[in-house]
Amino acid sequence: MRNTIAWGAAVVASALILSACGGGTAEPTSTDAGPGVDNSGIELTIWVDANREPAVAAAAQLFEAETGATVVLVQKNFEDLRTDFIAQVPTGEGPDITIGAHDWTGAFVTAGVVNTVDIGDKAADFEQVALDAFSYDGQLYGLPYALETIALIQNVDLVGTDAPATFEDMIATGLAAGTDRPFVINVGAGGDGYTSYGFQTSFGAPVFVQEADGSYTSEVGMGGPDGVAFATWLSENGMAGNGYFSTDVDYDINQSLFSEGAAPYTIQGPWAIGTYTDAGVNVAVNPIPSAGGGTAAPFVGVQGFYVSSQSQNTLLANEFLITYIATEEAQRALYDADPRIPAYIAVAEQVASDPIVAGFIASAQNGVPMPSIPEMGSVWDFWNAAEAAIVSGADPESTWLQMIADLEAAIS
Amino acid sequence: MAISRATKTPATRLSRWWAEVGWKYPLALLVFFYAASPLVYVVSASLAQRGTLAGTARLFASISPNNYENLNNTAFWSWVVNTLIIGGSTAFGAVLMGAAAAYAFSRFRFRGRRTSLTSLLIIQMFPQTVAFVAVFLLLISLGRVTPLLGINSTVALICVYLGGALGANTFLMFGFFNSIPKEIDESAKIDGATHAQIFWKIIMPLVTPVLAVVGLLAFIGVFGDFILARIILTSEHNWTLAVGMYQWVSAELSANWGLFAAGAVVASLPVLVLFLALQKYIVGGLTAGSVKG
Amino acid sequence: MSVRPSHATTGAGRPSPAGEPHSRQWRGLGIGFLIKLLLMGIVNALGVAVVLAAWASESWAILGAMVVIVVVVDWIYFSKRALPLKYLTPGLIFLAIFQLFTMAYTGYVAFTNYGTGHAGSQTQAVDALLIQNERRLETSPSFVLSIVRDGDELGFAIVVDGAVRVGSPESPLTEAPDAEVDQAGRVVSLPDWEVVSRAELLSDRGLQQAVVDLRVPVSDEPEDGSIRTREGSTGAIYRSVLEWDPDAQTMTNVDTGTVYSVTDRGRFEAPDGTQLPVGWYVTVGFENFTRAVTDSNYSTPLLRVAGWTFAFAILTVLSSFILGLILAIVYNDPRVRGRKFIRTLFILPYAFPAFMSGLLWRGMLNPEYGIINEFFFMDAYIPWLSDPWLAKFAILYVNLWLSYPYWFLVCTGALQALPTETMEAARIDGAGRWRTFRSVTMPLITVSTAPLAIASFAFNFNNFTLIYFLTEGRPRFTDTSAPLGHTDILISAIYQISGVAGGRADYGLASALSIIVFIVVGAISALAFRQTRKLEEMN
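Rules behind the numbers
- Residues numbered from 1 in each chain as written.
- Chains lettered and ligands numbered in written order.
- Predicted model: local features only at pLDDT ≥ 70, side-chain atom pairs only at ≥ 80, totals over all residues.
- Heavy atoms only, no water.
- Pairing = 2+ DSSP bridges.
- Helix = DSSP H or I, 4+ residues; strand = E, 2+ residues; numbered from the N terminus.
- Axes fitted to C-alpha atoms, helices over the stretch in contact; angles between N-to-C directions.
- Contact = heavy atoms within 4.5 Å.
- Domains from an automatic or database assignment.
- Buried area = accessible area lost by both parts, 1.4 Å probe.
- Salt bridge = Lys/Arg side-chain N within 4 Å of Asp/Glu carboxyl O.
- Buried < 20%, exposed > 50% of the residue type's maximum accessible area, 1.4 Å probe, protein only.
- Phe/Tyr/Trp six-rings, centres within 6.5 Å; stacked < 30°, edge-to-face > 60°.
- Lys NZ or Arg CZ within 6 Å of the ring centre and 35° of its normal.
- 1 Å grid on protein atoms, 1.4 Å probe; cavity = no way out; pocket = protein on both sides within 12 Å on 5 of 7 lines; lining within 4 Å.
- Points joined across faces, edges and corners; volume = space filled by probe spheres on them.
- Nonpolar A, V, L, I, M, F, W, Y, C, P; charged D, E, K, R; others polar.

### Describing the sheet that holds strand β7 (residues 151-155) of chain A
All names here are of chain A.
No. 1: Taken together, the three strands give an open sheet; going across it, the order is β10-β7-β11, and neighbouring strands pair in antiparallel fashion. What marks the edges here is a single partner per strand, and that holds for β10 (265-268) and β11 (283-286). Within this sheet the neighbouring strands show an average axis-to-axis angle of 30 degrees, counted without direction.
No. 2: In terms of strand pairing, β7 meets β11 through four bridges, oriented antiparallel. Among the inter-strand pairings, Gln154 is bridged to a residue of β11, identified as Ala284.
No. 3: Packed onto the sheet, helix α10 (residues 251-259) meets β7, β10 and β11 and runs at close to 140 degrees relative to β10.

### Considerations on the domain arrangement of chain A
All names here are of chain A.
No. 1: Once the domains are mapped, chain A shows domain 1 (2-148 + 300-369) and domain 2 (151-299 + 372-411).
No. 2: Using only C-alpha atoms to locate each centre, domain 1 and domain 2 end up separated by 29 Å.
No. 3: Buried surface at the junction of domain 1 and domain 2, both sides included, amounts to about 2,000 Å², of which 62% is carbon and sulfur.
No. 4: For the pair domain 1 and domain 2, the number of links is zero salt bridges.

### Examining unusual backbone geometry
No. 1: The omega torsion across C:Arg474 and C:Pro475 is 0 degrees, close enough to zero to call that bond cis.
No. 2: The residue C:Pro475 is located in the loop between α16 (464-470) and α17 (490-498) in this model.
No. 3: Residue A:Asp137 is not a glycine yet carries a positive backbone phi of 55 degrees.
No. 4: The residue A:Asp137 is located in the loop between β4 (135-136) and β5 (139-140) in this model.
No. 5: According to the relative accessible area criterion, A:Asp137 is exposed, its value standing at 58%.
No. 6: Even without a glycine there, the phi angle at C:Glu472 is positive, about 55 degrees.
No. 7: Structurally, the position occupied by C:Glu472 is in the loop between α16 and α17.

### Considering the pairing of strand β4 (residues 163-167) of chain C
Residues and elements named next belong to chain C.
No. 1: For strand β3 (residues 153-160) and β4, the ladder comprises five bridges, and the chain directions are antiparallel. Bridge pairing links Ile158 to Arg165 in β4.
No. 2: Hairpin connection from β3 to β4: two residues lie between these consecutive antiparallel strands, with Asp161 at a positive phi of about 50 degrees.
No. 3: Bridging between β4 and strand β5 (residues 174-175) involves two bridges; their strand directions are antiparallel. Counted as the bridge partner of Arg165 is Glu175 from β5.
No. 4: Counting the residues in the hairpin turn of β4 and β5 gives six residues.

### What to know about the interface of chain B and chain C
No. 1: With 115 residues of chain B in contact, the opposing surface of chain C contributes 116 residues.
No. 2: The junction of chain B with chain C conceals about 10,700 Å² of combined surface from both sides, 76% of it contributed by carbon and sulfur atoms.
No. 3: Our count for the chain B to chain C interface comes out at one salt bridge.
No. 4: With a closest N to O distance of 2.8 Å, C:Asp333 and B:Lys24 form a salt bridge.

### Digging into the sheet that holds strand β14 (residues 259-262) of chain C
The strands making up a sheet are joined through hydrogen bonds of the backbone, oriented either antiparallel or parallel.
Residues and elements named next belong to chain C.
No. 1: Spatial ordering of the open sheet is given by β12-β13-β14-β15, a layout of four strands whose pairing is antiparallel. Bordering the open sheet on either side are β12 (242-245) and β15 (268-269), each of which pairs with just one other strand.
No. 2: For β14 and β15, the ladder comprises two bridges, and the chain directions are antiparallel. Bridge pairing in β15 links Ser261 to Glu269.
No. 3: Here helix α5 (residues 122-132) sits on the sheet and contacts β12, β13 (250-253), β14 and β15; the angle it forms with β12, its principal contact strand, is near 155 degrees.

### A look at the pattern of salt bridges
No. 1: Per the counting criterion, the structure on display carries 23 salt bridges over all chains.
No. 2: Residues C:Asp333 and C:Arg335 are paired through a salt bridge, measuring 3.1 Å at the closest nitrogen-oxygen approach.
No. 3: Connected through salt bridges with shared partners, the residues A:Lys76, A:Asp84 and B:Arg230 form a single ionic network.

### Considering the packing of aromatic side chains
No. 1: Counting across every chain of the model gives 76 aromatic pairs over all chains.
No. 2: Look at C:Phe464 and C:Tyr468: their rings are 5.0 Å apart centre to centre, the planes differ by 15 degrees, and that puts the pair in the stacked class. Remark: C:Tyr468 and C:Phe464 occur in helix α16; sequence separation between them is four residues, near one turn of the helix. With respect to burial, C:Phe464 and C:Tyr468 carry one shared label: buried.
No. 3: Its guanidinium or amino end placed over the ring of A:Trp47, A:Lys76 lies 4.5 Å from that ring's centre, counting from NZ or CZ.
No. 4: Residue placement shows C:Lys392 over the ring face of C:Trp389; its charged tip is 4.8 Å from the ring centre.

### Topic: the environment of C:Leu348
No. 1: Along the chain, C:Leu348 falls in the loop between α10 (339-346) and α11 (354-364).
No. 2: Sequence spacing of C:Leu348 and C:Pro405 is 57 residues, and the spatial spacing of their C-alpha atoms is 7.7 Å.
No. 3: Non-local contacts of C:Leu348, meaning those with residues more than four positions away in its chain, are made with B:Phe32, B:Ala36, B:Leu39 and B:Leu272.

### A short note on empty space enclosed by the protein
No. 1: This model, assessed by the stated rule, comprises six cavities of 30 Å³ or more.
No. 2: Considered as a void within the structure, the largest cavity measures approximately 1,800 Å³ in volume.
No. 3: Around the largest cavity sit 50 residues that line it, and B:Leu217, B:Ile220, B:Gly221, B:Val222 and C:Phe459 are the ones nearest its centre.
No. 4: Elements that contribute at least two residues to the lining of the largest cavity include exactly α4 (76-107), α7 (154-162), α8 (168-178), α11 (208-224) and α12 (227-232) of chain B together with α13 (388-416), α15 (433-461) and α16 of chain C.
No. 5: Split by residue class, the lining of the largest cavity holds 33 nonpolar, 16 polar and one charged.

In structure tokens:
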């Protein structure tokens, strides 16, 4: 898989770039705007979610002290940020900056709500893949700070640290562990295509067909025999089959089953680790095993900051991002607040010694970037619903093909 | 009337009592079970050690104040205060405006009286879920003039709620006002009382039960509203309970079932207290008047 | 018939006005008038304050509306006429601003294509397209940049290969040999130009905007691009690929020469049919309405949704009414002791906020881990929320739990308000309990509760909270591409279509559907009211 190589190479190359590049030539000297500046009338509004609020607040404090501007942090649900940003920026009431995921870029560009970002020479401090993820049609639209992906998480006390090579191996080991379930995965009543995507790609059924350079076309790639093979597999492991996938298991239940040791394996992201370790589970993180023979490539998402196209404080917004967020201290604080793989190379290297982070990095190296084309917005609804239907016992082939047809009709 | 005759034996009296009255106690127990079991479950979940749904399926398997203590680490208490302020103000405004309108409809004869009363009710049926675009734009324009009425202002949210203060409230009160005999205000009028004096000094004290009911309904309405509050109140410390607590269980990446349960227990207390305090009015207030529409 | 509510005679502790002696003094121009003057003074002062603020912020529509409101309010409260309006006006003002306006605006949106890809005005779309198509030259390095000023004219000074160059939008970059540069490579002073300090830049929002918008051409050749800065301390060379001609309303790609002109759908389109990505919203006439009815992607599932909406609204009112009525009759019996206590226990669910109940029941009904299956069905596997019929049943059951206390209270009140003379007359006539109930109690209760039943029907017709928190409309229809499900009611379907929850937003269509739903519910309710009015005794 082309992409796999690209991602792997990028992570490795980033270390080289770091050593080669000792820092930008343009060293912004914001400090000469000392504390005496009367800037009290200017407010910079930033939307954040609860997880990242403390870290952004820390960076904002420094910014406020040095520039005299006031930073207003507005906390929202991460899921609401995307729609609210699209709805509110055109009214003039939106924020200057919002936190967001890279796959929103296409929708933001189409809605005309996002400004371009130019981080100049600081680009070398970031993983190239992270910058690529926030690029759309050759322009950079966001300042990345973290990569995230999901991986196989296993209970060391039950099944050791060895990574199972295939889904069958994992189930066999899981059954041998004698727990309630050999493996638990979040599906929920609404379906969760994201979490199962690693298995899906191992059947060779990506959401959209990729160009040679890794960029996505709007051609749906998960139809055809490979997609049907995945759907059939899903059905066999669904509630009409052996029941490893169940719509009764939502995020909450998944967390509690794994924490209680009722299942030795699950697929989750770094955000879930805290719950497990708090419950006293000894975890190891490994790449997702293959179910269909190919590499299991989960989505890799990149998180970052967007600047509104209607901001009245564009200059300050850029100043905040480039001078106060694109720094090692701020990026480290963001990592500490929300432990995902840092997009800032220096911080990534600091934390890579942690075996859990290393496990997620290994999984990310197998991964593919989540498409950022606007068509992706339409995919989730159909895709998740079809997954939930198949897991709960609907005919896999017809449900899957119907979903493909509906999806193609919706995005055409 | 159950008239027991001396000729009946105690046994038949008992079976008669059972047939007429006694069976109502076990039935009450059954209904109580239906009404309260979910609430018992919430209390149990709120006391559970670990705050997950799957971990709470056994009632009172563990007792721990963890979840309640954790409420202090969130903005929960400011949400409670906000909700009480917004709910209280809305209830107060709704009662005043509704009562005034009901008085006009009940005591004055004017053209289009019936039609306007029905129109008020029907206008309330407009589905608000999509009107948020309009509400949002309206508040943005108002906010430019005075920030007090802009986005993220509790005053603005109260005003939006008061926009729906007429309608069902007026209708409920209208019936009740009609049940107050006209002769009362007519005799006051003969004594030289103005319409305002009649309204404030004679009618209002008489209609207290329905005022209590309308106030309570308005309060509960605000308590449960989600969409408008979510759109208007943007910053976390301004949220109401509905917006804030929904976030605990909706956010994909958080398992806060126990926190939610603890919050729900605490949050239902003010409503419960109101209910108990106003109980003597509620039964009388809800329909007493509407027999005579 | 004239029915006095039970409380009127039992109003504990309140002086009964009916018993007031006729000689009571009603003062004409007393405290009441003073209070009125005071209140009107406050209203006028607030009104004038808003008018002035509106003037200052140039919000003419609000200014006009406020003037009208103040004048009308003054007229109403100081004239002897318009008596009913004195009591109706406060509510009506709020109604007009916050309810009627939003309805009218939703009506307007229904005639536009507002939604994904058409989210703002044309100006915003043009801005966005220009932003997106101004690209940094791949060969451009980053320059250390200073902002310089000559009177009103702003310019940039940069250092290229050790030489200082300065320029403004009017005059392309030229060498400035006598400039002074500090250690960081930043220009600190220049002949003829004043260097703007960073402190000044950061404290002046107007200056910031001007700096962000400033483009200094690199040379006389537009092809070479121009210098811009984003944060005021570094710059790079950019070039615009698109050119906007406001007179001709066209966008031209300067590289390919393709001309994009405005379409009546709110997009820029080239002769070959390709479109620029950002659009704006325009009015599209009745298209949204015809689409709602004719597009089989929407109309077929929406018909099913409408069917369930009616079934749900009717069944839920009926079931909770019947349960409430039965309980009210059973416990409206003076022989039952502790009735007050029993009533309090019965109305417990009513004290629990609706949104919490939805979420609570959702958890309790989880087939494998929820307490309902675990506790009541011996751990059996019953897919309450994922089977179409069971989910519908679950919704009705949960809503019964939520709303029977309301009807219990209403019916208890209605029973207690029944004219005792009528009841006694029936009893004396020898009517049995069942007969009395059927021919006296029931009709009276029906008449007295009918308006509330209609209101309850309308409320449940739009009971978004319950559906959204309990099932989100799931399970999904499998035979249609619309993102709707078996338990969606019209209002939640509209929410789904509006795209607030994610996916493709279509506010135009959603607004059109709101209007249609409103007309349907409104018409049904109006008819129902007319029917009940026939039943009632009219004055």
